[in-house]
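An overview of the molecular structure
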Amino acid sequence: MGFGQIKVRRLSDDIVAKLEGMILEGTLKAGERLPAERVLAEQLGVSRPSLREAIQKLAAKGLLVSRQGGGNYIAESLGSTFSDPLLPLLEDNPEAQRDLLEFRHTLEGACAYYAAQRATEPDRQRLTEAFEALQDCYSGAGKASRADEGAADAGFHLAIAEASHNVVLLHTIRGLFDLLKRNVVTNIGGMYAQRTETRDMLMKQHNALYRAIMAGEADAARELSDQHIHYVQEVLADVLDENQRVARAERRQKR
């Protein structure tokens, strides 16, 4: 009977596994700069040569980018599900906007469900901060622009994804973050003009969703998330119909 040799793991492999885990769980974010080598080695309790070796391995995998004299960064590409040239196409196409809402319907309902089940105290604190930032935009106290409101809305849904503790859902939502912001910015102007009660409705929907998650009511959180997306779909369908009627009327007038 033969016995295979036991392979001794290098310390650098353990460092790689640690940093990969932090990237996967979302602790280290795309584009984020790592602490200086000396500081990071002290935090991890490892030697600098072993850390350098681990950084080289992560860079070879495309997870880290080393900049001459500028430190080491988590690769920006990890945070982008869609390439920049594709974003304007998705933003400007009404059918793509509809498809995005359908996608959000599936994704965000699951995020809300698991967040209500799994949120820790730090998650609840982060979610509260994101919710309050969104409420400040709605209240108009800070005279928020549409871009501010879009970022706050997307940030609230990102905080829910983080609280879900599902890394696939989290990285999908993170990858869509810019697209979500653009989607909100594109939509809210037309929605507010279409229905005067829209701002109040969105405030109430986000409030109810936040409270369900904080209370650990998973089924209610998923249902409230679904209702929110359904409402947005309904109002945007009205906006599209109105735009089409106006376009037809303008074409007739020009004849």
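Everything here concerns the structure above.
Everything numeric here is computed off the predicted structure, so don't read it as measured data. (Residues numbered from 1 in each chain as written. Predicted model: local features only at pLDDT ≥ 70, side-chain atom pairs only at ≥ 80, totals over all residues. Heavy atoms only, no water.)

Thoughts on the overall build of the chain
A tally of regular secondary structure across the chain gives 11 helices and two strands. Reading the chain from its N terminus to its C terminus gives the helix and strand order α-α-α-β-β-α-α-α-α-α-α-α-α. Within the chain, the proportion of its 255 residues that are buried is 38%. Sequence-distant contacts in the chain: of pairs separated by 6 or more residues, those separated by 24 or more amount to 74%. When the accessible surface of the chain is summed, it comes to about 14,600 Å², and 51% of that surface belongs to carbon and sulfur atoms. (Helix = DSSP H or I, 4+ residues; strand = E, 2+ residues; numbered from the N terminus. Buried < 20%, exposed > 50% of the residue type's maximum accessible area, 1.4 Å probe, protein only. Contact = heavy atoms within 4.5 Å. Areas by Shrake-Rupley, 256 points an atom, 1.4 Å probe, with all protein chains shown as cover.)

Considering the pattern of salt bridges
Overall, the coordinates contain 13 salt bridges when judged by the stated rule. In this structure, Asp 13 engages Lys 57 in a salt bridge whose closest nitrogen and oxygen atoms are separated by 2.7 Å. Placement of Asp 13 in helix 1 (residues 11-24) and of Lys 57 in helix 3 (residues 48-60) is noted, with a sequence separation of 44 residues between them. We note a salt bridge from Arg 104 to Glu 108, for which the minimum N-O separation is 2.7 Å. Residue Arg 104 and its partner Glu 108 are located together in helix 5 (residues 94-118), separated by four residues, close to a single helical turn. Across the pair, exposure class does not vary: Arg 104 and Glu 108 are buried alike. One salt-bridge network, in which partners are shared between bridges, spans Arg 10, Asp 13, Glu 53 and Lys 57. (Salt bridge = Lys/Arg side-chain N within 4 Å of Asp/Glu carboxyl O.)

Section: the packing of aromatic side chains
Counting across every chain of the model gives three aromatic pairs. The interplanar angle of 0 degrees and the centroid separation of 4.2 Å between the aromatic rings of Phe 131 and Tyr 210 together place this pair among those described as stacked. Placement of Phe 131 in helix 6 (residues 121-139) and of Tyr 210 in helix 10 (residues 198-214) is noted, with a sequence separation of 79 residues between them. Each of the two residues, Phe 131 as well as Tyr 210, counts as buried. (Phe/Tyr/Trp six-rings, centres within 6.5 Å; stacked < 30°, edge-to-face > 60°.)

Quick word on helix 7 (residues 146-163)
If you check helix 7, its first and last C-alpha atoms are 26 Å apart, about what 18 residues at 1.5 Å a residue would give, namely 26 Å. Within helix 7, 14 of the 18 residues are buried, which leaves the element mostly enclosed by the surrounding structure. Looking one or two residues beyond helix 7, the residue adopting positive phi is His 165, at roughly 55 degrees. (Expected span 1.5 Å × (residues − 1).)

Looking at the pairing of strand 2 (residues 71-74)
Two strands pair when backbone bridges link them, and strand 1 (residues 64-67) and strand 2 are joined in this way by four bridges, in the antiparallel orientation. Within the sheet, the bridge partner assigned to Arg 67 lies in strand 2 and is Gly 71. Linking strand 1 back to strand 2 in an antiparallel pair, the connection comprises three residues, with Gly 69 at a positive phi of about 75 degrees. (Pairing = 2+ DSSP bridges.)

Some remarks on the nonpolar core
Leu 127, Phe 156, Ile 160, Ile 173, Leu 209, Ile 213 and Ala 221 are the most contacted members of the largest nonpolar core, which has 43 residues in total. Those elements giving two or more residues to this core turn out to be helix 5, helix 6, helix 7, helix 8 (167-175), helix 9 (177-194), helix 10 and helix 11 (218-254). Counting residues per element, this core draws most heavily on helix 5, which supplies nine residues. Setting aside chain neighbours within four positions, we find Ile 173 in contact with Leu 107, Glu 108, Cys 111, His 157, Leu 158, Ala 161 and Leu 180. Ile 15, Val 16, Ile 55 and Leu 58 belong to the second largest nonpolar core, which has 16 residues in total. (Core = buried A, V, L, I, M, F, W, Y, C linked by side-chain atoms within 4.5 Å.)

Let's talk about unusual backbone geometry
At His 165, a residue that is not glycine, the phi angle is positive and equals roughly 55 degrees. Mapped onto the secondary structure, His 165 falls in the loop between helix 7 and helix 8.

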